[in-house]
Amino acid sequence: MAARGDPPGPPGAAAFDAFVLEYQDMVYAVAVRLLANEAEAEDVAQTVFLRAYERFDELKGEATVPGWLKTVTTNLCLNHLERYRARWRFFSEMGEAGGPAFDVAVTAASPEAVLDDADRHAQLEAALRALPPHQRVPLVLFHFEQHGCDDIARLLGVSVGKVRTDMHRGRLALRRWLS
Amino acid sequence: MTMEPEDLERLVHRALADLPVPRAPRTFRPRVMAAVALPDVGHPWFTWPWPLQVAAVLLVVSGVSALGWAWPTLLAAFGAHLPDSVQSGAGYVGGVAETAAAFMRVMELTWSAVVAPIARLVLLLTVVLCTACALCLAALSRVALGGASQS
């Protein structure tokens, strides 16, 4: 726990402050990668911590806290994206019919250019965020959150085949940014 | 250049695993702690703790009643200085406030004349009936479930 006095606020605020400090990056990372939007990710992450605060007495000290936080974050992000679900499918089908379904909104530098690690990471992160949700979300859940394809299909309410196809297309789009 | 899907998956996985974890902005933690300090204000009224719900209702009722009582005085003091359009609106608000005040007076009268004398009796009766129902239910479930579990 952080070595500081109780901040002003409700009882247990100091312990919760330390809790937020410990997990804020993890929660924010899941949210910002799923939503690809900093402001929305902050809103969702705040909601996650408010829910955690409501049951802080049960949560604190539990080994399952990171898993609980990630599950709640994922569910809230998917709920947030739910309103765009029909649009995902629409654009997904457009992408299947035509060429690439998006343009990567990063610099026009050639992927073959020599980039240092920071630049390469920034480019890849930007490319990931620029993917359409129906490709980005399963990729994030698969590669960062270690969900299986079946689990992702269940979470998104789509077929496993669609999940595999979307992830493959997303990987193909990211490949240009990999050395 | 073609690449097998499995190889591509491994390549992307390695690359993504190397990405640094995005860090929450510096303002995030103070923002969460500020939200935690006022946890109930942002939530719907029906999710507040009951003391706050009661206090909020009392506050609103008191405010409306005070406005109703004070409205004629306020209107007499400041009404002459208001433009006509505002005066007509103020007259409407005054009517609503007077109605609210009259409603509160009726409620007060009803409470003191009808409800208060029998409130204790009703409360006692409710407690007795609830206790009797709970005892009956417990006895019934004990008999029914006990019989079922033995058969």
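Just so you know, these numbers come straight off a predicted model, no measurement behind them. Here the residue numbers are simple positions, counted from 1 along each chain's written sequence. A letter from A marks each chain and a number from 1 marks each ligand, given out in the order of writing. A pLDDT threshold of at least 70 governs which residues receive local features in this predicted model, and a stricter bar of 80 or more applies before side-chain atom pairs are shown or counted, although totals over entire chains, interfaces and linings include all residues.

Engineer: How would you sum up the interface of chain B and chain A? Please name residues and give values.
Structural biologist: Taken residue by residue, the interface counts 24 residues in chain B and 29 residues in chain A. For helices the rule is a DSSP run of H or I covering at least 4 residues; for strands it is a run of E covering at least 2, with both sets numbered from the N terminus onward. Going through the elements one at a time, α1 (5-18) and α2 (28-37) of chain B are the ones with two or more residues in the side of chain B that touches chain A. Within the side of chain B that touches chain A, the residues separate by chemical class into 19 nonpolar, one polar and four charged. Placing a C-beta atom from the backbone of each residue, one calls two residues in contact when those atoms lie within 7 Å. Charged residues are taken to be Asp, Glu, Lys and Arg, nonpolar residues to be Ala, Val, Leu, Ile, Met, Phe, Trp, Tyr, Cys and Pro, and polar residues to be all remaining types, Gly included.

Engineer: Run through α2(B), naming residues and quoting values.
Structural biologist: All names here are of chain B. To sort residues by burial, count the other C-beta atoms lying within 10 Å of each one's C-beta; a count of 20 or more means buried, 12 or fewer means exposed, and anything in between means partly exposed. C-beta atoms are built from the backbone. Among all positions in α2, only Phe 28, Val 32, Met 33 and Val 36 are buried. One face of α2 carries all of its buried residues, which in axial projection span an arc of 130°. Along α2, the residues that are exposed and aim more than 90 degrees away from the buried face are Pro 30 and Ala 34. In this context, the arc is that of the directions from the helix axis out to the C-beta atoms.

Engineer: Got a sec to walk through the nonpolar core? Specific residues and values, please.
Structural biologist: In this structure, Val27(A), Tyr28(A), Ala31(A), Leu35(A), Val44(A), Ala45(A) and Val48(A) are the most contacted members of the largest nonpolar core, which totals 38 residues. For this core, the secondary-structure elements that each account for two or more residues are α1 (13-35), α2 (38-54), α4 (65-82), α7 (133-143), α8 (149-156) and α9 (160-175) of chain A together with α2 of chain B. Per-element tally for this core: the top contributor is α1(A), with 12 residues. Nonpolar cores are identified as sets of buried Ala, Val, Leu, Ile, Met, Phe, Trp, Tyr and Cys residues joined via C-beta atoms within 7 Å. Ala127(A), Leu174(A), Val12(B) and Ala15(B) belong to the second largest nonpolar core, which has nine residues in total.

Engineer: Give a detailed account of α7(A), specifying residues and quantitative values.
Structural biologist: When you tally the buried positions in α7(A), you get 11 out of 11 residues, the bulk of the element. Regarding α7(A), the residues found buried are Pro133(A), His134(A), Gln135(A), Arg136(A), Val137(A), Pro138(A), Leu139(A), Val140(A), Leu141(A), Phe142(A) and His143(A).

Engineer: Tell me about the packing of α2(A) against α2(B), residues and numbers included.
Structural biologist: Interaxial angle, 0 to 180 degrees, is taken between N-to-C directions of lines fitted to C-alpha atoms, where a helix line uses only the stretch in contact. Running from N to C, α2(A) and α2(B) cross one another at 45°; their axes reach a closest spacing of 10 Å. Taken together, the axes of α2(A) and α2(B) lie oblique to each other. Seen along the crossing, α2(A) lies across α2(B) with a hand that is right-handed. Packed against α2(A), whose contacting residues are Glu42(A), Ala45(A), Gln46(A), Phe49(A), Leu50(A) and Tyr53(A), the element α2(B) presents Phe28(B), Arg31(B), Val32(B), Ala35(B) and Val36(B) at the interface. Along the lines of polarity and charge, the residues of the contact of α2(A) with α2(B) split into eight nonpolar, one polar and two charged. In this scheme, roughly parallel covers angles under 35 degrees and roughly antiparallel covers those over 145, while 65 to 115 is roughly perpendicular and the rest are oblique. A crossing counts as left-handed when the near helix is turned anticlockwise from the far one by less than a right angle, and as right-handed when that turn is clockwise.

Engineer: Can you explain the confidence of the model for chain B? Please cite residues and give values.
Structural biologist: Residue-level confidence of the predictor is what pLDDT reports, using numbers from 0 through 100. Of the residues in chain B, 89% have a pLDDT of 70 or more, and the chain-wide mean is 80. In the model output, the complex is listed with pTM 0.58 alongside ipTM 0.73.

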